[in-house]
Amino acid sequence: MATSTLTQPTPRLDALTGLRWWAAFMVFLYHMMVFAPLPGPISAVFNQGYLGVTFFFVLSGFVLTWSARPRVPVSTFYWRRFARIYPSHFVALLLAIPVFYTFAAVPPDSILKPFDPAVLSLSVLVIQGWWLAPAILFSGNPAAWTLTCEFFFYALHPLISKVLVPHGRRIALCVAVGIVLVAFTYRALVVASPSAWYAALPIPVFRLPEFILGMALAWAIRSGWRVRIHPLVGVGSLVAVVLAIVAIAGFAPTAPVLSLVPQFGNELFTVACALAIIAITQCAVDGRRTGFESASQVKLGEWSFAFYLVHATFIYLALRIFGFQPASWTNLGWFVALLAVDLAAAWALHRLIERPFERRMRRWKDVKDADRRVAV
């Protein structure tokens with residue numbers, strides 16, 4: 001059953017590619033608030049932009065399992081993921097170092113860090129995310145801590161697939177529900193005992209449920225699970241969670257029960273990500289459109305990884321040059337200007353590095369695999 005399911009073609013999910021752009025844009029808004037904040041409640045909304053990373057993690061597990069095919073060697077899977085991620089990461093790291101590091105004394109309250117080859121080597125190896133100390137976690141390119149999580153997820157994907165794929169949609173859905181319960185339970189334990197040892201788990205470990213949730217949902221749908229969720233409900237749940245976090249934190253921070261919503265914000269947003277992905281995927285399976293498949297959104301979605309890697313570098317470069325901006329609606333000009341700069345840099349990184357290097361590296365491995373099969 002598993003092999004026959006893996007061999008069945010799966011439709012392109014252009015709408016999810018388009019939605020991925022909006023997740024990257026959320027993170028852009030989050031970092032812009034450090035440099036050029038806006039006044040009023042909108043700032044609280046934009047400060048939730050870090051949740052875009054949660055969408056990336058759920059989507060990553062979903063897409064890898066959605067596109068999985070039989071008889072792909074594990075070594076080939078690993079190499080393809082490395083080819084997809086590392087060349088762009090390395091170039092973005094080189095761009096970031098002059099912006100965030102200095103050989104001179106670091107002034108107080110500066111974004112600069114002392115140049116430290118040992119710490120930077122962790123970023124080169126993409127293992128900086130295993131430390132919680134900010135100087136290490138956000139070393140090199142500060143946005144790249146998420147890549148440590150992704151590489152950890154990639155390492156586990158073949159192992160998790162061996163457990164998940166032999167079973168049908170019922171087991172996959174049980175895994176999805178179970179992993180959500182694990183995530184909420186862990187958060188409850190941390191909220192209850194923030195100083196306990198388990199509250200300091202490395203980020204890749206406690207973000208793993210998001211990735212597994214994406215995997216389980218993809219396999220459930222590939223195995224025939226169908227559920228009708230309107231795209232407006234799915235995507236709207238993402239907006240609803242953000243607004244609920246902001247409203248409760250701002251107006252009812254001590255209200256019984258409701259006060260837990262901001263504390264469980266990431267877990268609630270994870271569930272919302274699942275609803276959005278399910279809704280959009282079901283539309284693709286049925287041949288229906290959602291509005292996220294437009295050519296411009298898909299193109300931006302294709303650039304979104306490169307955009308994510310470079311956006312903070314140019315925002316903080318502007319901060320170094322112009323200093324912190326007071327909260328003002330005139331800062332919208334900075335939003336437009338830096339968005340344009342980041343998009344141009346993302347296009348260049350995608351066009352000159354990400355796409356050509358991935359193609360060449362994948363082709364090299366495919367040739368090696370073909371030669372090995374012939375030799376056998």
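For the structure itself, look to the data block above.
Residues numbered from 1 in each chain as written. Predicted model: local features only at pLDDT ≥ 70, side-chain atom pairs only at ≥ 80, totals over all residues. Heavy atoms only, no water.

What about the overall build of the protein?
- A count of helices and strands for the protein gives 16 helices and two strands.
- Radius of gyration (C-alpha) of the protein: 21 Å, near the 21 Å computed for a compact globule of 376 residues.
- For the protein, the spread of C-alpha atoms along the principal axes amounts to about 60 × 55 × 45 Å.
- Within the protein, counting contacts between residues at least 6 apart in sequence, those at least 24 apart form 81% of the total.
- By element, 70% of the accessible surface of the protein is carried by carbon and sulfur atoms, the whole surface being about 17700 Å². (Helix = DSSP H or I, 4+ residues; strand = E, 2+ residues; numbered from the N terminus. Rg over C-alpha atoms; globule rule 2.2 N^0.38 Å. Contact = heavy atoms within 4.5 Å. Areas by Shrake-Rupley, 256 points an atom, 1.4 Å probe, with all protein chains shown as cover.)

Topic: a nonpolar patch on the surface
- Side chains of F90, L94, V124 and L125 sit close together on the surface and give an oily, nonpolar patch of about 340 Å² of accessible area.
- Position of L125 relative to the elements: it lies in the loop between α6 (117-124) and α7 (134-137). (Patch = residues over 30% accessible without salt bridge, like charges linked within 9 Å, V, L, I, M, F, W, Y side chains within 5 Å. Salt bridge = Lys/Arg side-chain N within 4 Å of Asp/Glu carboxyl O.)

Points about unusual backbone geometry
- In this model, D109 sits at a positive phi of 60°, which is unusual for a non-glycine residue.
- Secondary-structure assignment places D109 in the loop between β1 (101-102) and β2 (113-114).
- Positive phi, close to 70°, is recorded for V257, a residue that is not glycine.
- Mapped onto the fold, V257 is located in the loop between α12 (231-251) and α13 (260-263).

Overview of helix α9 (residues 169-192)
- The first and last C-alpha atoms of α9 sit 34 Å apart over 24 residues, in line with the 34 Å expected at 1.5 Å per residue.
- Three or more residues of α9 are buried, namely A172, A176, I179, V180, A183, Y186, R187 and V190.
- Those residues of α9 that are buried lie in contact with α8 (145-164), α10 (203-206), α11 (208-222), α13 and α14 (265-286). (Expected span 1.5 Å × (residues − 1). Buried < 20%, exposed > 50% of the residue type's maximum accessible area, 1.4 Å probe, protein only.)

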